[in-house]
Amino acid sequence: MAKKVVTVGSSVGLHARPAATISQEAAKLGSVVTLATEGHDPIDARSTLLIMTLGAGAGDYVTVEGDNEADVATVAALVAKDLDA
């Protein structure tokens with residue numbers, strides 16, 4: 001299982017726009033990737049609504065996990081990117 005811990009790059013956190021971008025890209029991948037914040041259960045990165053329920057703000061740490069290392073790296077890069085720019 002591949003795992004990366006990244007910092008949320010979007011200046012206002014994982015709100016609707018970044019969450020939608022991440023979930024759309026995650027849905028294209030060949031494996032399931034999950035996201036989790038400290039103290040919370042992992043959620044499916046393919047769900048915009050579930051990503052928003054993480055409540056992850058700018059600079060928060062998010063654990064990205066899955067079976068495929070390339071897929072985890074793809075989602076981790078999106079979480080770390082400022083998707084509002």
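For the structure, see preceding data.
All values derive from a computational prediction rather than experimental measurement. (Residues numbered from 1 in each chain as written. Predicted model: local features only at pLDDT ≥ 70, side-chain atom pairs only at ≥ 80, totals over all residues. Heavy atoms only, no water.)

> Would you mind going over the pairing of strand E4 (residues 61-66) with me for this structure?
In regular strands, side chains alternate between the two faces of the sheet. Because side chains alternate across E4, one face comprises the buried residues Val62, Val64 and Gly66, and the other comprises Tyr61, Thr63 and Glu65, none of which is buried. Bridging between strand E1 (residues 2-7) and E4 involves six bridges; their strand directions are antiparallel. Bridge pairing links threonine 7 to tyrosine 61 in E4. The pairing of strand E2 (residues 33-36) with E4 spans four bridges and is classified as antiparallel. Opposite threonine 34, over in E4, you have glutamate 65 as the bridge partner. (Buried < 20%, exposed > 50% of the residue type's maximum accessible area, 1.4 Å probe, protein only. Helix = DSSP H or I, 4+ residues; strand = E, 2+ residues; numbered from the N terminus. Pairing = 2+ DSSP bridges.)

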